Amino acid sequence: MRFLPGQEVEIASKEEGLIGSYYVATIVKYIQNEFYLVQYKELLREDESGPLTEVIRGEDIRPTPPAKSLPTAAGFAMLDRVDALYNDGWWTGRITGKEGSTYIVHFENSGERLAFLDSDLRMHLEWINSNWIATTRRRTLLPQKQNID
């Protein structure tokens, strides 16, 4: 898939400790041989003088997920696989509880369990063969203050 200048995309991190996370960026230009110059939306240069720009391989770039990945009025269900906006990137985890208006998300890679508002969550979709594929969704509604480990 060829990305166009100005297109908003997500970049897969390949850095140790950040693998599995995606960061929003804009395509600045196509370079050659499936490499792109991108500018990140939230990540800054080391000296924090402005947005970070990098040359990225095309295989590490995907379009932003469609709006259908955003939460519905019914919210999320127990064990839904979600992406959570955390530390300027999207990280994949599972809903393991709900406390008030926040959802508890368990991240398998780190073992962390963190609380998120639904505005910082989206249903997890996989980018496979240039198509967004929904992961299995479980419809066990979450009673308040229920957690699973």
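The rules behind these values
- Residues numbered from 1 in each chain as written.
- Predicted model: local features only at pLDDT ≥ 70, side-chain atom pairs only at ≥ 80, totals over all residues.
- Heavy atoms only, no water.
- Core = buried A, V, L, I, M, F, W, Y, C linked by side-chain atoms within 4.5 Å.
- Buried < 20%, exposed > 50% of the residue type's maximum accessible area, 1.4 Å probe, protein only.
- Helix = DSSP H or I, 4+ residues; strand = E, 2+ residues; numbered from the N terminus.
- Domains from an automatic or database assignment.
- Polar contact = N/O pair within 3.5 Å; in protein donor to acceptor, adjacent residues only side chain to side chain.
- Phe/Tyr/Trp six-rings, centres within 6.5 Å; stacked < 30°, edge-to-face > 60°.

An unreviewed UniProt entry lists the chain under the name Agenet domain-containing protein, from Eucalyptus globulus.

K.L.:
Please clarify how the nonpolar core should be interpreted in this entry.
P.N.:
What tends to happen in soluble globular proteins is that the nonpolar side chains get buried as a cluster. The biggest cluster of nonpolar side chains holds 22 residues, and the ones touching the most others in it are Ile11, Val38, Ile61 and Leu121. Of all elements in the fold, only strand S1 (8-12), strand S2 (22-30), strand S3 (35-44), strand S6 (81-86), strand S7 (89-99), strand S8 (102-106) and strand S10 (121-123) reach the threshold of two or more residues within this core. For this core, the domains that each give at least three residues are domain 1 (7-63) and domain 2 (67-134).

K.L.:
Got a minute to help me understand the side chain of Arg122 in this structure?
P.N.:
On the secondary structure map, Arg122 appears in strand S10. Judged by relative accessible area, which is 5%, Arg122 ranks as buried. Reaching out from Arg122, the side chain makes a polar contact with the side chain of Glu10 at a distance of 2.8 Å.

K.L.:
It is not clear to me how the packing of aromatic side chains should be interpreted in this structure. Could you clarify?
P.N.:
The relative placement of two aromatic rings is captured by the distance of their centres and the angle of their planes. Within the structure shown, the criterion is met by seven aromatic pairs. Plain terms: the ring middles of Phe3 and Tyr36 are 5.7 Å apart, the flat faces sit at 75 degrees to each other, and that makes the pair edge-to-face. On the criterion of sequence distance, the pair formed by Phe3 in the segment before S1 and Tyr36 in strand S3 is long-range, its members being 33 residues apart. The exposure classification of Phe3 matches that of Tyr36, with both residues buried. Aromatic side chains Trp127 and Trp132 sit 5.0 Å apart centroid to centroid with 50 degrees between the ring planes, which places their arrangement in the tilted category. In this structure Trp127 comes out as partly exposed when scored by relative accessible area, which is 24%. Judged by relative accessible area, Trp132 falls into the buried class, the value being 17%.

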